[in-house]
Amino acid sequence: MARTWEGAAGRLMLALAALLHRTVTGKAARRRLHDCRDAALRAAYRRGVPLEVLASRTRLTQGRVREVVTGGRRPPVDEAA
């Protein structure tokens, strides 16, 4: 009897692991997580957190954070004379 329960519990845990794997590592899930992160970065920037602090705390480059807080647009580049 114990063998049957262990087998059923094992199959249930395997199904849960597969579901979590698809949910967390899927392309759509990664996109949702990045969207949520980007929204939090924009909100923090609007509330006065400096760009350098955002970059260092999230371990992203300053260029990437700047891109996120400007809404995906690259900031204008000053041409050197």
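Q: Sorry if this is basic, but what is going on with the side chain of Asp 38 here?
A: Within the secondary structure, Asp 38 is located in helix 2 (residues 27-46). Residue classification places Asp 38 among the buried residues on the basis of a relative accessible area of 6%. What Asp 38 contacts, discounting residues up to four positions off in sequence, is Arg 31, Arg 64 and Val 68.

Q: I tried to follow unusual backbone geometry on my own but got confused; where do I start?
A: Both trends apply: most residues other than glycine have a negative phi, and most peptide bonds are in trans. With a phi close to 60°, Arg 59 is a non-glycine residue in the positive phi region. Mapped onto the elements, Arg 59 comes out in the loop between helix 3 (51-58) and helix 4 (62-69).

Q: What is the right way to read helix 4 from this model?
A: Residues separated by three or four positions in an α-helix point in the same direction, a consequence of the helix having 3.6 residues per turn. Of the residues making up helix 4, those classed as buried are Val 65, Glu 67, Val 68 and Val 69. In this fold, the buried residues of helix 4 make contact with helix 2 and helix 3. Phi for Gly 71, located one or two positions after helix 4, is positive at around 80°.

Each value, and the rule that gives it
- Residues numbered from 1 in each chain as written.
- Predicted model: local features only at pLDDT ≥ 70, side-chain atom pairs only at ≥ 80, totals over all residues.
- Heavy atoms only, no water.
- Helix = DSSP H or I, 4+ residues; strand = E, 2+ residues; numbered from the N terminus.
- Buried < 20%, exposed > 50% of the residue type's maximum accessible area, 1.4 Å probe, protein only.
- Contact = heavy atoms within 4.5 Å.

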